[in-house]
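# Fold and contact review
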Amino acid sequence: MPLTRRQFLEVGAAAAGAGSVGSGLLDNWWGMDPSHAPDPETDGEKVVPTFCEMCFWKCGVLAHVKDGRVNKITGNPKHPLSGGKLCPRGIGGTGLVNDPDRLRRPLVRTGPRGSEQFSPVSWETALDEVAGRLLDLRDKHGPESLALFSHGYGASWFKTLMHAYGTDNLAAPSYAQCRGSRETGFSLTFGAPVGSPETTDLRNSRCIVLVGSHLGENMHNTQVQEFADALDAGARLIVVDPRFSTAAGKADHWLPIRPGTDLALLLAWMHVILSERLYDAEYLAEHAVGLDELKAWVADKTPEWAFVHTGLEPDRIRTTARMMASARPASLIHPGRRTAWYGDDVQRTRAIAILNALLGSWARHGGFYVPSSVAIPKFPLPAWPSHPAEPPDMPPGVVYPFASKVLAHGIRDASIPGTGPYDIKAWMVYGTNLIHALPQPERTREALEALEFMVAIDVLPAEIVGFADVVLPEATYLERYDDLHAPPFRQPFAALRQPVVEPMYDSRPGWWIAKELARRMGLMDWFPWKDPESYLAQRAEAAGLSLEVLKRDGVVLGEREPGTTEEGLIPTFDTPSGKIELFSQQLADAGLAPLPPFTPHEQPGPGEFRLLFGRTPTHTFGRSTNNRVLSEVYDTNQLWMHAGRARELGLEAGQEVRIVNRDGAEAGPVLLKATERIRQDSVFLVHGYGHDAIGLTFARGRGASDAALVTQTAIDPVMGGTGMNVNFVRIEGVTA
Amino acid sequence: MSARYGMAMDTRRCVGCKACVLACNAENDIHPGHSRVWVEETVRGRFPNLTANIESKRCGQCATPTCVTVCPTGASFVAEGGVVLVDPDKCTGCKACMVGCPNGARYVHPDGHADKCTFCLHRVQRGDDPACVANCPTGALIFGDLNDPESELVELVETRLWHVDEPDSGTHPNLFYLE
């Protein structure tokens, strides 16, 4: 039960003693014109359109500047991803640009790695040092001994720098730790990934199924907007989640599944839809291969069979299967986003893809649309230097046949000397706090200790920055140009990121930092442009766009193309068979299961809980938890635990607890949220808390880090993803 | 007929993201540690039979505003469209209005005066929606003129089930929670 304002009253009274006493106590009101409300004047003297970087969605924003500072951020109504509306983080961008803890000057390390002891130096000194060290490294160990870890749109300049330098070791946790398994599962089935923004036609869906996705807490702006529209229009909602999420609170059916058993449910749903002939036979006959094999595969996967594993009543499995089938093809089993859970994640996301295929929802209204984009030709650059070395991101002798991007944890592991195909000796880390973003933080630390050189380019002094030899303080997204953004989407568009204010302190834009490093390393052939405006103007012109219009409006719309069969699209599938592959010959040829198998996963032992983690609408990753503006509404995480289990353990709601995993890793103390909203066998944390970086003066010591507890992973044999929901913890009360 | 401003809050659409709180804070330059808008999430039942309701809350600009009646200095007054405003220059910070408000919609500004939601009357007067409404990603907030039978607000209030805060208080709030 939340406190009401009334209950706060007494608390507030003490703080409110001194106040201004108005004139004219004895009179009735006057002075303030009753017909004219005072304007708080937050609109500012200038409004600049740009796009957001508070998460990866990249919504169009309007930044209001008052007295030279970014004072307020609102949605850009012209931008298709925001439609003029922002999530909390988008509004809270002011709290990033004005964060007092920002990195202000270039730094060089003076203490041991991770000690966060630095001396400020000039840009000249810092850049000379980085360029010199990287050139030495290339001479000594070859260019492939350098790796880039990155997250965020500003990384593009550094990716160019890396390719020019001669390394292919460009890694991002957004693949193996996040949505890589999903993209592989969908690509194997439909010949296309789901992408970002996901190509879900949520708005027109008549039945939405969320499997572990907590849309609404996962505040992907456009999706949540469409989700609300769909619910308002009467769409059915089925939510599969061990936790009573916000979405579960809106669902027709909440299925509180035993964690790790989603595949059993998905197979049973297929069984019902196939055995009751509820599938789209015409669509499958035209577009799919492998229906007979699939039928045989799920023949014995009855709801009764699934009940044993999932704990979900067979009747509800049947009811929900019929519900989603009755809405087909406007029926959407959402693909999720971070799908790195249990190590069989490609198979699970493939089961989701197959289920969508049975309902005929690919390239259909209310299912998945086929996106189009504004074509912007690449800026003409010379060919990259030849790359003799493959990324060393898989252990010797191991191949993940469908890995389509570099595995970030694999590059991390290859940085521990003598363990990988060859050693990675130096890291450039751009905008990703690897201590919190990669599993097995102790291994990340071990790799960091062994590095010959590390440079961090960041905005805030996150934990990872504390390990750098040189720290280059980047300007925030509100203070810089970045490359044009024109993703595949329902409504094609091209958007511009442009500086709203001058970089604060002695921070510099990423493009400038990359170019200055290129200049010092003799790589200017790949940075032939004078400044970002000339670069952007040339790219825009090549696409038939005007940089001036982009500057004025922030976005230009392209022509919309048919994205569903209802709109006249004739779907094609970029698979070996040219069809939807229910049965995957590709997987069979690689020695992997061609139809998704159910694998039982270990469950918590007595006294243990499975550690689950996710999002709150207010935060993305660890980097927003230091944001004072956002923290006005969410300033620490809590450990969710079933109220009954808490009672059994003698723990009280609101008390401090410590979380300890099987390997002895600890997190907390953190406040206990004893609630009916979660299964007895699991606990839940909002990701991004539990910082210990000295420089994060606000976030430091708040809440508990889930990342610290992810010491175990289950590797996906298909593409090398790290399943991270496989850690078991005990909860101990903290006595004051 | 003059305007009678009101708001509907659609609990079906709302996901409790609190963008409304932050949009208000930014628009109205709200002092850190305070807010005019807040979100209440209520979950009832025992696992696994649970129901949830989320409400974005603020001053309901009551038709019979007790806060104005009890204000000894006349600082609280009814402005255009029935919006209750506080004149900070007249407010002594006595908090009578806070006791008078059945909904806890007021707080004491660090400068010592009572403060509350204004329905962003400064925006409304230039034809814009209040900041929380204009920004709401789920479209859960609908602002309008209750005296305008053509308005979306009136249509919603006439066609949907709704409730208000503290209906027994007799203050007749103009903030309707659509069920």
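Read on for an overview of the structure. (Residues numbered from 1 in each chain as written. Chains lettered and ligands numbered in written order. Predicted model: local features only at pLDDT ≥ 70, side-chain atom pairs only at ≥ 80, totals over all residues. Heavy atoms only, no water.)

## Quick notes on the overall build of chain B
Per the secondary structure count, chain B includes six helices and ten strands. With the principal axes as the frame, chain B shows a C-alpha extent of 50 × 40 × 35 Å. For chain B, with 179 residues in total, the buried portion stands at 63%. Taking the intrachain contacts of chain B between residues at least 6 apart in sequence as the baseline, contacts between residues at least 24 apart amount to 56%. (Helix = DSSP H or I, 4+ residues; strand = E, 2+ residues; numbered from the N terminus. Buried < 20%, exposed > 50% of the residue type's maximum accessible area, 1.4 Å probe, protein only. Contact = heavy atoms within 4.5 Å.)

## Points about the sheet that holds strand β8 (residues 207–211) of chain A
Strands belonging to one sheet form pairs held by backbone hydrogen bonds; the direction of such a pair is parallel or antiparallel. Residues and elements named next belong to chain A. In spatial order, the strands read β10-β9-β8-β12; together these four strands make up an open sheet with parallel pairing. Edge positions in the sheet fall to β10 (253–255) and β12 (331–333), since each of these pairs with one other strand and no more. Each neighbouring strand pair of the sheet contributes to a mean axis angle of 10°, computed without reference to strand direction. Direction of pairing for strand β9 (residues 236–240) relative to β10: parallel, over a ladder of three bridges. Counted as the bridge partner of Ile238 is His253 from β10. On the sheet, helix α12 (residues 314–326) packs against β8, β9, β10 and β12 and is oriented at approximately 130° with respect to β10. (Pairing = 2+ DSSP bridges. Axes fitted to C-alpha atoms, helices over the stretch in contact; angles between N-to-C directions.)

## Here we look at the nonpolar core
Residues and elements named next belong to chain A. Among the nonpolar cores identified, the biggest contains 147 residues, and Trp269, Met324 and Leu358 are the most heavily contacted of them. Looking at this core, the element that brings in the most residues is helix α8 (residues 262–275), giving eleven residues. Not counting the four nearest positions on each side in its chain, Leu358 is found in contact with Met270, Ile273, Leu274, Tyr279, Asp280, Leu284, Leu291, Leu294 and Arg328. (Core = buried A, V, L, I, M, F, W, Y, C linked by side-chain atoms within 4.5 Å.)

## What to know about the environment of Gln538 of chain A
Residue and element names in this part refer to chain A. Secondary-structure assignment places Gln538 in helix α18 (residues 532–542). Exposure remark for Gln538: the relative accessible area of 39% places this residue in the partly exposed category. Spatially, the C-alpha atom of Gln538 lies 7.7 Å from that of Phe379, the residues being 159 residues apart in sequence. Residues in contact with Gln538, not counting those within four places in the same chain, are Phe379 and Pro380.

## Topic: the packing of helix α4 (residues 123–141) of chain A against helix α17 (residues 510–520) of chain A
All names here are of chain A. Running from N to C, α4 and α17 point in directions that differ by 55°, and their axes come no closer than 9 Å. In terms of axis orientation, α4 runs oblique to α17. By crossing handedness, the relation of α4 to α17 is classed as right-handed. In this structure, α4 uses Trp123, Glu124, Leu127, Asp128, Val130, Ala131 and Leu135 to contact α17, whose residues at the interface are Trp512, Ile513, Glu516, Leu517 and Arg520. (Parallel < 35°, antiparallel > 145°, perpendicular 65-115°, else oblique. Left-handed = near helix turned anticlockwise from the far one by under 90°.)

## What about the pairing of strand β19 (residues 609–614) of chain A?
Residues and elements named next belong to chain A. The buried fraction of β19 is high, at six of six residues. Residues of β19 alternate between two faces, with Phe609, Leu611 and Phe613 on one and Arg610, Leu612 and Gly614 on the opposite face, all of them buried. Pairing of β19 with strand β26 (residues 728–733) involves two bridges; the strand directions are antiparallel. Its bridge partner being in β26, Arg610 is matched across the sheet by Phe728. Inspection of the sheet shows β19 paired to strand β23 (residues 682–686) by five bridges, in the parallel sense. Residue pairing across strands places Gly614 opposite Val686, the latter belonging to β23.

## Structural notes on empty space enclosed by the protein
All names here are of chain B. Inspection of the entire model under this criterion finds nine cavities of 30 Å³ or more. In this model, the largest cavity occupies a volume close to 150 Å³. Around the largest cavity, the lining is made up of 19 residues, and of these Gly60, Cys62, Cys101, Pro102 and Asn103 lie nearest the centre. Class assignment of the residues belonging to the lining of the largest cavity gives a composition of nine nonpolar, six polar and four charged. (1 Å grid on protein atoms, 1.4 Å probe; cavity = no way out; pocket = protein on both sides within 12 Å on 5 of 7 lines; lining within 4 Å. Points joined across faces, edges and corners; volume = space filled by probe spheres on them. Nonpolar A, V, L, I, M, F, W, Y, C, P; charged D, E, K, R; others polar.)

## Considerations on the packing of α8 of chain A against helix α10 (residues 291–298) of chain A
Any two packed helices are characterised by the angle at which their axes cross and by the distance between the axes. All names here are of chain A. Contact geometry for α8 and α10: axes closest at 9 Å, N-to-C directions at 115°. Taken together, α8 and α10 sit at an angle that is classed as roughly perpendicular. By crossing handedness, the relation of α8 to α10 is classed as left-handed. Between α8 and α10, the residues in contact are Leu267, Met270, His271 and Leu274 and Leu291, Leu294, Lys295, Trp297 and Val298, respectively. Classifying every residue of the contact of α8 with α10 by side-chain character gives seven nonpolar, one polar and one charged.

That's the geometry; what it means functionally is another story.
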